[in-house]
Amino acid sequence: MKNSEHTVLSRYAVIGHPVEHSLSPVIHKLFADQSGEKMSYELIDAAPAHFEEAVEHFKATGGQGLNITVPHKESAFRLSDETGPEGARAGAVNTLSFLPDGRVRGDNTDGIGIIRDLTINHNHSLAGIRILILGAGGATRGILGPLLDALPNELVIANRTIDHAHKLVKHISDDKNALPHACSFEELKGMDPFDLLINATSAGLKGEILPFPTGCAGPKSFCYDLAYSSKETPFLAWARQCSAEKTSSGWGMLVEQAAESFLIWKGFRPETGPALENTPASA
Ligand SMILES: NC(=O)c1ccc[n+]([C@@H]2O[C@H](COP(=O)([O-])OP(=O)(O)OC[C@H]3O[C@@H](n4cnc5c(N)ncnc54)[C@H](OP(=O)(O)O)[C@@H]3O)[C@@H](O)[C@H]2O)c1
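Residues numbered from 1 in each chain as written. Predicted model: local features only at pLDDT ≥ 70, side-chain atom pairs only at ≥ 80, totals over all residues. Heavy atoms only, no water.

### Considering the sheet that holds strand 4 (residues 82–83)
The 6 strands lie next to each other as 2-1-3-5-6-4, forming an open sheet whose pairing is mixed. Looking at strand neighbours, the two that pair on one side only are strand 2 (39–45) and strand 4, the edges of this open sheet. Direction of pairing for strand 1 (residues 10–16) relative to strand 2: parallel, over a ladder of 7 bridges. In the strand pairing of strand 2, isoleucine 15 is matched with isoleucine 44. The strands touched by helix 2 (residues 51–60) within the sheet are strand 1, strand 2, strand 3 (63–68), strand 5 (95–98) and strand 6 (104–107), with strand 3 carrying the most contacts at an inclination of about 150°. Sheet strands touched by helix 9 (residues 251–266): strand 1, strand 2, strand 3, strand 5 and strand 6. Its angle to strand 5, the strand with the most contacts, is close to 10°. (Pairing = 2+ DSSP bridges. Helix = DSSP H or I, 4+ residues; strand = E, 2+ residues; numbered from the N terminus. Contact = heavy atoms within 4.5 Å. Axes fitted to C-alpha atoms, helices over the stretch in contact; angles between N-to-C directions.)

Structure representation (structure tokens):
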């Protein structure tokens, strides 16, 4: 569907705290060019105390939808009047749509984003493998259910604050799939190297030494960092030191989750190839 010159400018944004590092505007511009949409896509920095007010203001001033990033995904879930199945399952949403009747719909596209990146872009099969997720924050909430649906043989969630990992396991306990196992980073010592390690922590980003035992990744491991950067991330440097077979940043996930948000808002799923090639180093 290509729109014509009659297209009205539509307003979208990503809201987070901090948010200035986000490359979502670059990705959505590529998508809008493909669909012929005249779309503005802004960055909104809102501290947690001002999140609801900022959403309300954007909606009242003609905004049509928002992407939600750290630390607002659970707050966005709570303010949604209706929620898509993945958002309800995660208890967190990364996409808000302002419906014509004034209600707010929340969706979570992080899960489908990472599944598409791993299984399509990286051609990596998830069934029957051993997966370790490092971290138990908002991103893990979004990806946990879809990863369990892919039927891994084992799924371990290790976190600095073990209660947060236990809470997530409890949250997913009504799920039809086998429960994941929660543990501390210390308890990973002595476990065999995992097939797939997903870093969903912010560890290392302030220059601190990563607290992960080196034995949990090995020469057959795929180490995937949700973070992305124009430089090698601390986790991917750690993976290289563990001789991991394969590594990837979360750029592909960011692009794929954005394409799903665009589909929800516009009914058009853009080709992700051009954005995937437009890596942070070249963006
Ligand atoms: N590529 C993408 O599309 C995409 C999508 C979503 C998120 N992300 C990235 O994923 C990362 C996590 O996001 P999030 O939304 O889950 O954040 P979050 O809700 O703030 O969770 C942060 C996680 O990191 C852990 N952590 C923070 N500092 C740590 C440290 N120094 N040592 C060990 N663990 C530490 C926290 O542990 P505690 O529980 O102990 O506090 C928690 O598990 C961020 O880098 C974000 O940018 C990328």
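### A word on the domain arrangement of the chain
Domain annotation of the chain identifies domain 1 (10–108) and domain 2 (111–251). Here domain 1 and domain 2 have C-alpha centroids that lie 26 Å from each other. In this complex, domain 1 contributes 10 residues to the contact, which on the side of domain 2 involves 11 residues. At the boundary of domain 1 with domain 2, total buried surface from both sides reaches about 920 Å², with 48% on carbon and sulfur atoms. At the junction of domain 1 and domain 2, the tally comes to 2 salt bridges. Across the salt bridge formed by aspartate 149 and arginine 89, the nearest N and O atoms sit 2.9 Å from each other. Top element by residues in the side of domain 1 that touches domain 2 is helix 4 (residues 85–90). It accounts for 3 residues. Along the lines of polarity and charge, the residues of the side of domain 1 that touches domain 2 split into 4 nonpolar, 3 polar and 3 charged. (Domains from an automatic or database assignment. Buried area = accessible area lost by both parts, 1.4 Å probe. Salt bridge = Lys/Arg side-chain N within 4 Å of Asp/Glu carboxyl O. Nonpolar A, V, L, I, M, F, W, Y, C, P; charged D, E, K, R; others polar.)

### Thoughts on the site of the ligand
By nearness alone, 23 residues border the ligand, and Ala139, Asn159, Thr161, His164 and Leu226 come closest of all. Between the ligand and glutamate 208 there is a distance of 2.9 Å, counted from a nitrogen atom to a side-chain nitrogen or oxygen. Backbone polar atom of leucine 254 to an oxygen atom of the ligand: 3.4 Å apart, as the coordinates give it. Alone, the ligand offers 930 Å² of accessible surface; in the complex the protein occludes 81% of this. Of all the elements in the fold, those that place two or more residues in the shell around the ligand are helix 6 (138–149) and helix 9. (Near = heavy atom within 4 Å. Polar contact = N/O pair within 3.5 Å; in protein donor to acceptor, adjacent residues only side chain to side chain. Areas by Shrake-Rupley, 256 points an atom, 1.4 Å probe, with all protein chains shown as cover.)

### Description of the nonpolar core
Counting 26 residues, the largest nonpolar core has Ile114, Leu147, Leu196, Ile198 and Tyr224 as the members making the most contacts within it. Of all the secondary structure elements, the ones that give two or more residues to this core are helix 5 (110–121), strand 7 (130–134), helix 6, strand 8 (154–158), helix 7 (162–171), strand 10 (196–199) and strand 11 (222–225). Per element, the largest residue contribution to this core is 4 residues, and it comes from helix 6. Ignoring any residue separated from it by four or fewer positions in sequence, one finds isoleucine 198 in contact with Ile114, Ile131, Leu132, Ile133, Leu134, Ile143, Leu147, Tyr224 and Leu226. (Core = buried A, V, L, I, M, F, W, Y, C linked by side-chain atoms within 4.5 Å. Buried < 20%, exposed > 50% of the residue type's maximum accessible area, 1.4 Å probe, protein only.)

### Quick word on helix 6
Most of helix 6 sits out of view: 9 of its 12 residues are buried. Among the residues of helix 6, those classed as buried are Thr140, Arg141, Gly142, Ile143, Leu144, Gly145, Pro146, Leu147 and Leu148.

### Considering the sheet that holds strand 12 (residues 246–248)
The sheet built from 6 strands is open, its strands ordered 9-8-7-10-11-12 with parallel pairing. The sheet is open, and its two edges are formed by strand 9 (181–183) and strand 12, each paired on a single side. For this sheet, the mean inter-axis angle between neighbouring strands, taken without regard to orientation, is 15°. Pairing analysis gives 3 bridges linking strand 11 to strand 12, with the strands arranged parallel. Within strand 12, the residue paired with cysteine 223 across the bridge is threonine 247. Along the sheet, helix 7 contacts strand 8 and strand 9; its crossing angle with strand 9, the most-contacted strand, is approximately 170°.

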